[in-house]
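# Fold and geometry: a report
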Amino acid sequence: MITLKNIEKVYQTKTIETVALHNVNLHIPKGEFVSVMGPSGCGKSTLLNIMGLLDEPTNGIVEIDGLPISRYKDKELAHIRNQKLGFVFQSYHLINDLSVLDNVELPLLYRTGVSAAETRRLALTALEKVGLSARTKHYPTQLSGGQRQRVAIARALIGQPEIILADEPTGNLDSVMGEEIMNILLNLNRHDGTTIVMVTHDENMAQKTERLIRFFDGQQVSDAKTTAFDYQKV
Amino acid sequence: MIRHLFKLIWNRKRSNFLLITEIFFCFLVLFAVLSLIVYNVRNYNKPLGFEHENVWLLSMRPDTDSTALNRQTLEQIMQRAKGFQEIESMALTNSNAPFAFSQMNNQLSYGEKMIMANEYLVQDDFDKVMRMQVSHGRWFGQQDNASHHYPIVINRAMQQQLFEGEDPLGKLLHRNDSSNYQVVGVVEHYRPSSEYTAEEPGFFNRIQLPRDEKDFYGELLIKVKPGMGVEFEEKMVKELSGIGKGWTMEVTTLEKMRQNKAKVAKVPMIALTIICVFLILNVALGLFGVLWYNISRRNSEIGLRRAVGAASSQVYRQFIGEVLVLATFGLVLGVAFAIQFPLLQVFEVESTVYLIALGIAIGLIYLLAIGCAFYPSRQAAAIHPAMALHEE
Ligand SMILES: Nc1ncnc2c1ncn2[C@@H]1O[C@H](COP(=O)(O)OP(=O)(O)O)[C@@H](O)[C@H]1O
Ligand SMILES: [Mg+2]
C-alpha cells in the first residue's frame, strides 16, 4: 500500500541543517496496522507527512498503491490525499466555528460529484461509527478531548480512505479516552481493512497493533511483528 | 462550497461583526456620494433648452430713485444699443437670468390644481437671444398687446404637472392676486439654474414696458455676433455710460456665469469624493489588516484543509470567497437601508439615479473586497501544509 525507498529528509534553515530522516526504506502492505515509536524529534511526524503527501522528501521515492509519487502537481497530490488518505492529529485540528457535522463533512466538500444529501448521510454514518450520533450539532469547544478526537476520526474515515495516518492520536488524552480511540482504530482496521500507520508514545497501544517500527535520530532502528500479531493470527 | 462559506462566515459573525459594519457604512457613504454624482451627471447630460454662446449680460444700476427718470434713461440706452452692428438681438430680463444666482417663483392654479413654478420675466426678443425652441404653440409678442391676460410660455415640466394629457394652449391660470395668465406656448426644456440642476416647472412672463409703468428692469441680455470680445465690450460700455451718467454698468458673459454655477455644483461633489476616497482607503486598510492577521490565526485550518484534499488554489479561492461573502452580508444590510430612498422618495430624485448609484456602489465594494483579499489570500494559499499542521 505504501512503499518508501531510500527516503532522505533534510530541513535546511539559514543557520542549521537538520537531517530529519535518513535512508528510510519501508513497505506497508494493504490492511496492516503499523505503529511507529521513537523519542521526540526523531522524525516520526516527518515520516507521516511524507507518506501523507503533505511534504516532499529531499531524496527517495514514495509509492502509494503501487504509484510512484514524484513531480506531481499540487492539484494531483490534493486529489490523492482526498481519495486515498485520512489524517488524525494529536491536536485534532477541528475547525471551531463549524459544528461537529460540518467538520466531518469537510473532506467531501473537496470531492466532486457528491451531493449535499449524500455527504450528510455519510457524515452521520461516520459519526455513528465513532459513537457520536448524539453530538452532531455541537461545536468542538463543547466537547471533551476524547470526543473531539472521535470527531477527527469520523472526518478521517468519511471519505472511506484506504489509509489512515494517525500522528499521536492519543497523545493529549488520558488512558481511558485513549483506549476508546485505540479501539475505534482497531475496529476500522479489522472490519473495514483500512491500512493504518499510527505514531505513538504508548508501548501498550503499540503492542495492540500488528507491527512496530522504532525510530531513532531519523533512522529505523527496529521493525518487528508484535505479540498481538501472533495472537491475532492464531 | 458556497453554502459552506456562508455557514463559516455566519458562524464567525461575532468576530466578523466589525468588518461587516465597516463594509456597511462604507457602502452607505459610497451610495450617498454616488447618488449625488449620478444625479449631477444625468442632469448635465440633459438639454438646457437654450444656447448661451455669445450672450452677454449687461447689469445696470441707476444712481437715482426716480423710476420714471430711470426708465427714460433706460429707453435711450436701449435705443443706442440697438444701433450697434455687433449686436444681433437683446432682451431685458428679471434678475433671474440664465446662470444667475437668483430665483423667483410663483404659485399658480389651474382648476383644482396648484403649482409652484419659477417665473421668468423677459422681453419679447428673449426667444431670439437665447434661441428658445417652442415645440407647441408660439412665443409671445406684439400680437398679445390687446389680450386681457398675461400671455405665458411654459416648459414641459410644468405642463406635465398641471395639464397631464390635456392641451395647455389657451388655458387660463390664476395667481392668488387674481391675475390671469394664458398659455400661448410650450418649450421642451428650460434649465437656467445650472447644468447640474434638475428641470423644474417654470414659465416665461412678458415684460411690457409701456404697461408696467412702475417696474424697472436693469438686466439686459445681449446676443452679440460671433467673435466679439473685450474690445467691443469696452466700446459699448463707454458709449452706454455716456447716456446713463453715474450708472454702474457691468458686463459679463453667460459662459462665465455658467462656469461659476458649475463650480458651485462641483466643489461639494469633489470634496465629498475626496472624503469618500479617504474613508474607503481606511476601510480597505482595516480589511486588509484583519485578513492578514486572520491567516496566522487560521494556520491549523489551512493545513487541515490541505490535508483533507484542498489544493493550494482552492485555499486561495476560499479566502477570496469568504471576503466576498463578508461583503455580501454588509451589502445586504446596506442595500436594505439604501433602497428606502427610492421607495420612500425621501428627496425628489428619480429612482433610476438611486438604482445606478446602488449598482456602482455594490460593484465598487466587491472590487474593494477582492482587492484587499488578493494578497492575504495568496499568502494563505502559499502556506506549506506540513508547516501549518506542525505541532510541538
Ligand atoms: N519545518 C521544519 N524546519 C526545520 N526543522 C524541522 C521542521 N520540521 C521538523 N524539523 C526537525 O526535524 C526533526 C524531526 O521532527 P519531527 O518529525 O517533528 O519529530 P517527531 O515527530 O518524531 O517528534 C526535528 O529535529 C525537528 O526539529
Ligand atoms: Mg511529532
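Structural data are supplied above this passage.
Heads up: these notes are all about the structure in this document. Since this is a predicted model, take the numbers as computed values, not measurements.

The rules behind each value
Residues numbered from 1 in each chain as written. Chains lettered and ligands numbered in written order. Predicted model: local features only at pLDDT ≥ 70, side-chain atom pairs only at ≥ 80, totals over all residues. Heavy atoms only, no water. Core = buried A, V, L, I, M, F, W, Y, C linked by side-chain atoms within 4.5 Å. Buried < 20%, exposed > 50% of the residue type's maximum accessible area, 1.4 Å probe, protein only. Contact = heavy atoms within 4.5 Å. Buried area = accessible area lost by both parts, 1.4 Å probe. Salt bridge = Lys/Arg side-chain N within 4 Å of Asp/Glu carboxyl O. Polar contact = N/O pair within 3.5 Å; in protein donor to acceptor, adjacent residues only side chain to side chain. Helix = DSSP H or I, 4+ residues; strand = E, 2+ residues; numbered from the N terminus. Nonpolar A, V, L, I, M, F, W, Y, C, P; charged D, E, K, R; others polar. Pairing = 2+ DSSP bridges. Axes fitted to C-alpha atoms, helices over the stretch in contact; angles between N-to-C directions. Near = heavy atom within 4 Å. Areas by Shrake-Rupley, 256 points an atom, 1.4 Å probe, with all protein chains shown as cover. Left-handed = near helix turned anticlockwise from the far one by under 90°.

A word on the nonpolar core. I2(A), L4(A), L47(A), M51(A) and L165(A) are the most contacted members of the largest nonpolar core, which has 48 residues in total. Residues within four places of L47(A) in sequence aside, it is in contact with L4(A), L21(A), V24(A), L26(A), V36(A) and F215(A). Counting 38 residues, the second largest nonpolar core, distinct from the first, contains I23(B), I320(B), Y354(B) and I365(B).

Turning next to the interface of chain A and chain B. Size of an interface: often given as the accessible area lost when the parts come together. The interface is formed by 25 residues belonging to chain A together with 26 residues belonging to chain B. Across the chain A/chain B interface, buried area totals approximately 2400 Å², and carbon plus sulfur atoms make up 57% of it. There are three salt bridges connecting chain A and chain B. Taken together, the links from chain A to chain B amount to 11 residue pairs in polar contact (both at pLDDT 80 or more). Taken together, the elements giving at least two residues each to the side of chain A that touches chain B come down to helix 2 (74-84), strand 6 (85-89), helix 3 (100-109) and helix 4 (116-129) of chain A. Considering each element in turn, the side of chain A that touches chain B owes the most residues, five residues, to helix 2 of chain A. For the side of chain A that touches chain B, the per-class residue count stands at 12 nonpolar, five polar and eight charged.

All right, on to the pattern of salt bridges then. What the rule picks out here adds up to 39 salt bridges over all chains. Linking D74(A) and R306(B) is a salt bridge whose minimum nitrogen-to-oxygen distance equals 2.7 Å. Highlighted residues: D74(A) in helix 2 and R306(B) in helix 8 (residues 299-307), drawn from two different chains. You can call D74(A) partly exposed: its relative accessible area is 29%. R306(B) gets classed as buried once you look at its relative accessible area, which sits at 5%. Here R175(B) ties to E119(B) by a salt bridge, and the two come within 3.8 Å at their closest N and O atoms. Here the residue R175(B) occupies a position in strand 7 (residues 172-175), and E119(B) occupies one in strand 4 (residues 113-122), the gap between them amounting to 56 residues. Each member of the pair R175(B) and E119(B) is classed as buried. Three or more residues joined by partner-sharing salt bridges are found here, namely D97(A), R12(B), R298(B), E301(B), R305(B) and E322(B).

Residues and elements named next belong to chain A. The antiparallel open sheet is built from four strands, whose spatial order is 2-1-4-5. The open sheet has two free edges, formed respectively by strand 2 (17-28) and strand 5 (67-69), since each of these has just one partner strand. Put simply, the sheet's adjacent strands are angled 30 degrees from each other on average, direction ignored. Where strand 1 (residues 2-12) meets strand 4 (residues 59-64), five bridges bridge the pair, whose relative direction is antiparallel. Residue pairing in the sheet places E8 in a bridge with N59 of strand 4. Across the sheet, helix 1 (residues 44-51) touches strand 1, strand 2 and strand 4, and the angle it forms with strand 2 is around 55 degrees.

Taken together, Y11(A), T18(A), A20(A), S40(A), G41(A), C42(A), G43(A), K44(A), S45(A), T46(A), M387(B) and H390(B) make up all the residues around ligand 1. The backbone of K44(A) places a nitrogen or oxygen atom 2.9 Å from an oxygen atom of ligand 1. T46(A) is positioned such that a nitrogen or oxygen atom in its side chain is 2.5 Å from an oxygen atom of ligand 1. In the complex, 74% of the free accessible area of ligand 1, which totals 560 Å², lies under the protein chains. Counting residues per element, the ones that place at least two in the shell around ligand 1 are strand 2 and helix 1 of chain A. Sort the elements by how many residues they give to the shell around ligand 1 and helix 1 of chain A lands first, with three residues. Each residue belonging to the shell around ligand 1 can be placed in one class, and the counts come to four nonpolar, seven polar and one charged.

On to the sheet that holds strand 7 (residues 163-167) of chain A, then. Residues and elements named next belong to chain A. Within the open sheet, the six strands sit side by side as 6-7-8-3-9-10. Their pairing is mixed. Bordering the open sheet on either side are strand 6 and strand 10 (219-225), each of which pairs with just one other strand. Pairs of neighbouring strands in the sheet enclose a mean axial angle of 15 degrees, with direction left out of account. As judged from the four bridges shared by strand 3 (residues 33-37) and strand 9 (residues 211-216), these two strands associate in the parallel manner. Considered in strand 9, the bridge of S35 is made with L212. This element, helix 2, spans strand 6 and strand 7 of the sheet and lies at about 80 degrees to strand 6.

Moving on to the packing of helix 3 of chain A against helix 5 (residues 145-157) of chain A. In a packed pair of helices, the relevant descriptors are the angle between the two axes and the axis-to-axis distance. Residue and element names in this part refer to chain A. Two elements in contact, helix 3 and helix 5, have axes whose closest approach is 7 Å; the angle formed by their N-to-C orientations is 30 degrees. Crossing hand, helix 3 versus helix 5: right-handed. Between helix 3 and helix 5, the residues in contact are V100, N103, V104 and P107 and V151, A154 and R155, respectively. For the contact of helix 3 with helix 5, the residue count by class is five nonpolar, one polar and one charged.

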